[in-house]
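Coordinate inspection notes
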Amino acid sequence: MTDITVIQHPLVQHKLTLLRQKETHTQDFRRLLKEISMLLAYEVTRDLPLKYETIQTPLMPMEAPVLAADKKMVIVSILRAGQGLLDGMLELIPTAKVGHIGLYREPTTLMAVEYYLKLPYDVEHRDMLIVDPMLATGNSAVAAVDRLREANPASIKFVCLLAAPEGIQHFHAQHPDVPIYTAAIDEGLDNHGYIFPGLGDAGDRLYGTR
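Notes on the structure follow. (Residues numbered from 1 in each chain as written. Predicted model: local features only at pLDDT ≥ 70, side-chain atom pairs only at ≥ 80, totals over all residues. Heavy atoms only, no water.)

1. A few points about the sheet that holds strand β8 (residues 134–135)
How we decide: DSSP-based pairing: two strands are paired if at least 2 bridges between them are found. Counting from the N terminus, the helices are the DSSP runs of H or I reaching at least four residues and the strands are the DSSP runs of E reaching at least two.
One open sheet holds the 3 strands; their spatial order is β8-β10-β12, and the pairing between them is parallel. Each having just a single partner strand, β8 and β12 (184–185) make up the two edges of the open sheet. Pairing between strand β10 (residues 162–163) and β12: 2 bridges, direction parallel. Its bridge partner lying in β12, Leu 162 is registered against Ala 184.

2. Overview of the side chain of Arg 126
How we decide: Residue burial is assigned from relative accessible area. The probe radius is 1.4 Å, only protein chains are included, and a residue is buried under 20% of its type maximum, exposed over 50%, and partly exposed in between. Any pair of nitrogen or oxygen atoms within 3.5 Å is treated as a polar contact; in protein, a donor-acceptor pairing is required on top of that, and neighbouring residues in sequence qualify only through side-chain atoms on both sides. Two residues form a contact once any of their heavy atoms are found within 4.5 Å.
Examined against the element boundaries, Arg 126 turns out to sit in the loop between β6 (112–118) and β7 (127–131). Of the residues examined, Arg 126 reaches a relative accessible area of 8% and is grouped as buried. There is a polar contact of 3.0 Å between the side chain of Arg 126 and the backbone oxygen of Met 73. Among residues more than four places away in sequence, those in contact with Arg 126 are Lys 72, Met 73, Val 74, Lys 97, Pro 153, Ala 154 and Ser 155.

3. Thoughts on the pairing of strand β3 (residues 61–67)
In the sheet, strand β2 (residues 50–56) pairs with β3 via 7 bridges, with the strands oriented antiparallel. Across the sheet, Gln 56 pairs through a bridge with Pro 61, a residue of β3. Following β2, the chain reverses through 4 residues before pairing antiparallel with β3.

4. A closer look at helix α5 (residues 165–174)
Formally: Throughout, the arc means the angular range of directions from the helix axis out to the C-beta atoms.
Of the positions making up α5, those classed as buried are Gly 167, Ile 168, Phe 171 and His 172. One face of α5 carries all of its buried residues, which in axial projection span an arc of 120°. The outward face of α5, more than 90 degrees from its buried face, is lined by the exposed residues Gln 169 and Ala 173.

5. Concerning the packing of aromatic side chains
Cut-off, in case you're wondering: Aromatic pairing here means that ring centres of Phe, Tyr or Trp (its six-membered ring) are within 6.5 Å. Orientation follows from the plane angle: under 30 degrees is stacked, over 60 is edge-to-face, and everything else is tilted.
Summed over all chains, the structure comprises 2 aromatic pairs. A ring pair is formed by Tyr 104 and Tyr 115, whose centres lie 6.4 Å apart and whose planes are at 35°; its orientation type is tilted. Separated by 11 residues along the polypeptide, Tyr 104 in strand β5 (residues 97–105) and Tyr 115 in strand β6 bring together distant segments of the chain. Overall, the relative accessible area of 47% leaves Tyr 115 in the partly exposed class. Plain terms: the ring middles of Phe 158 and Phe 171 are 5.5 Å apart, the flat faces sit at 40° to each other, and that makes the pair tilted. Highlighted residues: Phe 158 in strand β9 (residues 155–159) and Phe 171 in helix α5, separated in sequence by 13 residues. Grouping residues by exposure puts Phe 158 and Phe 171 together as buried.

6. Considering the sheet that holds strand β4 (residues 73–79)
Keep this limit in mind: An axis is simply a line fitted to the C-alpha atoms; with a helix, the fit covers only the stretch in contact. Between two such axes, the angle follows the N-to-C directions and lies from 0 to 180 degrees.
In space, the 7 strands of this open sheet follow the order β1-β11-β9-β7-β4-β5-β6, with mixed pairing throughout. The sheet terminates laterally at β1 (4–6) and β6, the two strands that pair on one side only. Here the strands of the sheet are splayed against their neighbours by 20° on average, with no regard to which way each runs. Along the sheet face, helix α3 (residues 82–92) touches β4, β5, β7 and β9 and points at about 155° away from the line of β4.

7. A look at the pattern of salt bridges
A side chain with one charge may pair with a side chain of the opposite charge, provided their charged atoms come close. For clarity, the threshold we go by: Salt bridge, as used here: a side-chain nitrogen of Lys or Arg that lies within 4 Å of a carboxyl oxygen of Asp or Glu.
Considering all chains together, one arrives at 14 salt bridges under this definition. A salt bridge links Lys 15 to Glu 35, with the shortest nitrogen-to-oxygen separation between them at 2.7 Å. Separated by 20 residues along the polypeptide, Lys 15 in helix α1 (residues 10–20) and Glu 35 in helix α2 (residues 26–44) bring together distant segments of the chain. Looking at Lys 15, the relative accessible area reads 16%, which means it is buried. Taking the shortest distance from any N to any O, the salt bridge between Lys 97 and Asp 122 comes out at 3.2 Å. Of this pair, Lys 97 sits in strand β5 while Asp 122 sits in the loop between β6 and β7; the two residues are 25 residues apart in sequence, bridging distant segments of the chain.

If you want it as structure tokens, here you go:
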């Protein structure tokens, strides 16, 4: 599998295990997802460019690194479960603009159906992070990238919590130039298109719905 990064930091893996456990309640699931998303954002933004500015410390002036101002970001959440990753990432990257794309999975065909799209006016030429906890069949991720490429971002990265081999293969067959960042690659998909062993439906566990 090419162009996929599995983030194996011990804190990421520990929190992922807690998220997987069926006895983890909604409140704890929400908190853990926010915490792990901050750690994922840390890894995903590792290649952000820096520039140097003169600052004054309490002792003396110095040339200090800051983020390059021309590298602006937009985080696009795939509704609704993507909100769980978005909240934590904004804690780490508060200057990022935010977009939303609503997609639901048609239960018979498992194909993604778009029902909502709202992006900042200046998405063009921004670096884009698309976030969704699960990369299962890959249909939603492919549909999201297909649609969001129309906004002409400078780059696109896809960030998820769990990925299935089938979803990775399908996604990279359609978008081989878009890197995937995930905390784990699970065994596969069941007959209903859910990742196993997985963690259940991320949206339902995040919001306490069924």
